[in-house]
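Observations on the three-dimensional arrangement
Below are the chains, spelled out letter by letter.
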Amino acid sequence: MTNTTHFGYKTVNEDDKVKEVAKVFHSVAAKYDVMNDLMSAGMHRLWKTFTIANAAVRPGFKCLDIAGGTGDLAKAFAKQAGPTGEVWLTDINESMLRVGRDRLLNRGMVTPTLLCDAEKLPFPDNYFDRVSVAFGLRNMTHKDQALAEMRRVLKPGGKLLVLEFSKVAEPLQKPYDLYSFSVLPWLGQKIANDAESYRYLAESIRMHPDQETLKTMMQDAGLERVQYYNLTAGVAALHTGIKL
């Protein structure tokens, strides 16, 4: 019997979700950063800066950036970890990974990049000081399995950081919905020639676990001291957890 899951508001076979998500990111990769700036009025850069500060990467650290996209976190971690550190940029989508790799190379930064599935990480146990995933968890089919893998590859004392769109404060719900389902697809069509991918984005945010549910999922995966920070009234949230 084939298992099903959600792709936005649609119910699809699990195998098909991977393919559909891949289509989205193959389509938007070239305009990804431009669209992020427009969609969030540049706020995504502040959210990532907050995440980087919470990571507190030190020289010599080993870091893994999952679903690293265009490489914003990996770039910052590589600078902080320095020549004695080790920072991996990974993504399941080849188009996104290529954009991120090229951006790092254009800045004179040579750091390992790897095409891989977050649910089956090809790294040994207890290897990384920091693991991060920014705006990627909601696209994963088996989030519990991915979180367990992230914990597995962390060293004892290592930290997981999950930055993701989340549930906005109640007073903002109606205007946020109007923006998400009307303005975002329009922007997507105008800038990336792709309204459907940005309609999926809005739907995937609504289907993603809210702040408390994700906190519980991280605890169930074996992480300790799990906490979260609401950013911009909950439009995004940073969850952190420690492997003890």
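In this report, we go over the structure that sits alongside the text. None of the values given here were measured: they were computed from a predicted structure. (Residues numbered from 1 in each chain as written. Predicted model: local features only at pLDDT ≥ 70, side-chain atom pairs only at ≥ 80, totals over all residues. Heavy atoms only, no water.)

1. Quick look at the nonpolar core
Counting 46 residues, the largest nonpolar core has W47 and F77 as its most contacted members. Sorting elements by how many residues they give to this core places helix α4 (residues 72-81) first, with six residues. In this structure W47 touches S40, F135, L163, F165, L231, T232, V235 and A236, once residues within four positions along its chain are discounted. Counting 24 residues, the second-largest nonpolar core is a separate cluster that includes F128, A146, L214 and V226. (Core = buried A, V, L, I, M, F, W, Y, C linked by side-chain atoms within 4.5 Å. Buried < 20%, exposed > 50% of the residue type's maximum accessible area, 1.4 Å probe, protein only. Helix = DSSP H or I, 4+ residues; strand = E, 2+ residues; numbered from the N terminus. Contact = heavy atoms within 4.5 Å.)

2. What to know about the packing of aromatic side chains
Going through the model one piece at a time under the given rule, you end up with nine aromatic pairs. Residues Y127 and F128 carry aromatic rings whose centres are separated by 5.0 Å and whose planes lie at 80° to one another, so their mutual orientation is edge-to-face. Residue Y127 is classed as partly exposed on the basis of its relative accessible area, which comes to 22%. Of the residues examined, F128 reaches a relative accessible area of 0% and is grouped as buried. (Phe/Tyr/Trp six-rings, centres within 6.5 Å; stacked < 30°, edge-to-face > 60°.)

3. Some remarks on the side chain of R130
For R130, the position within the fold is in strand β6 (residues 128-134). Salt bridges are absent for the buried R130, whose nearest opposite-charge side chain, D129, sits at 5.6 Å. With residues up to four places along the chain from it excluded, the contact list for R130 reads A55, A56, V57, F61, K62, C63, L64, L154, G157, G158, K159 and L161. (Lys, Arg positive; Asp, Glu negative; His and termini not counted. Salt bridge = Lys/Arg side-chain N within 4 Å of Asp/Glu carboxyl O.)

4. Some details on the pattern of salt bridges
Summed over the entire model, instances satisfying the criterion amount to twelve salt bridges. Residue D129 is joined to K155 by a salt bridge in which the shortest nitrogen-to-oxygen separation is 3.5 Å. A residue pair is termed long-range when its members are at least 10 positions apart, and D129 in strand β6 and K155 in strand β7 (residues 154-165) qualify at 26 residues. Close ionic contact of R152 with E149 constitutes a salt bridge, the shortest N to O distance being 2.7 Å. Here the residue R152 and the residue E149 both occupy positions in helix α6 (residues 143-153), the gap between them amounting to three residues, near one helical turn. The exposure class assigned to E149 is buried, which follows from its relative accessible area of 14%. One connected set of salt bridges, linked through shared partners, spans K48, D72 and R103.

5. Some words on empty space enclosed by the protein
By the definition in use, this model includes one cavity of 30 Å³ or more. Volume-wise, the largest cavity comes out at about 220 Å³. Residue lining of the largest cavity: 18 residues in total, with Y32, N36, M39, R138 and L201 positioned closest to the centre. Only α1 (14-28), α2 (32-40), α3 (43-55) and α8 (195-207) provide two or more residues apiece to the lining of the largest cavity. Top contributing element to the lining of the largest cavity by residue count: α2, with five residues. (1 Å grid on protein atoms, 1.4 Å probe; cavity = no way out; pocket = protein on both sides within 12 Å on 5 of 7 lines; lining within 4 Å. Points joined across faces, edges and corners; volume = space filled by probe spheres on them.)

6. Brief notes about the pairing of β7
In terms of burial, β7 is largely enclosed, as nine of its twelve residues are buried. In this structure, β6 lies alongside β7, joined through six bridges in parallel fashion. Residue F128 lies in a different strand from β7, and its bridge partner there is L154. One crossover worth recording links β6 to the parallel β7 by way of α6, and it is right-handed. Sheet topology note: the β7/strand β9 (residues 236-242) ladder contains seven bridges and is antiparallel. Bridge assignment links F165 to a residue of β9, and that residue is A236. (Pairing = 2+ DSSP bridges. Right-handed = clockwise from strand over helix to strand, strands pointing away.)

7. Remarks on the environment of V57
Here V57 is to be found in the loop between α3 and β3 (62-66). Note: C-alpha distance between V57 and G85 (28 residues apart in sequence) is 9.6 Å. In contact with V57, other than residues within four places in its own chain, are C63, F77, Q80, A81 and R130.

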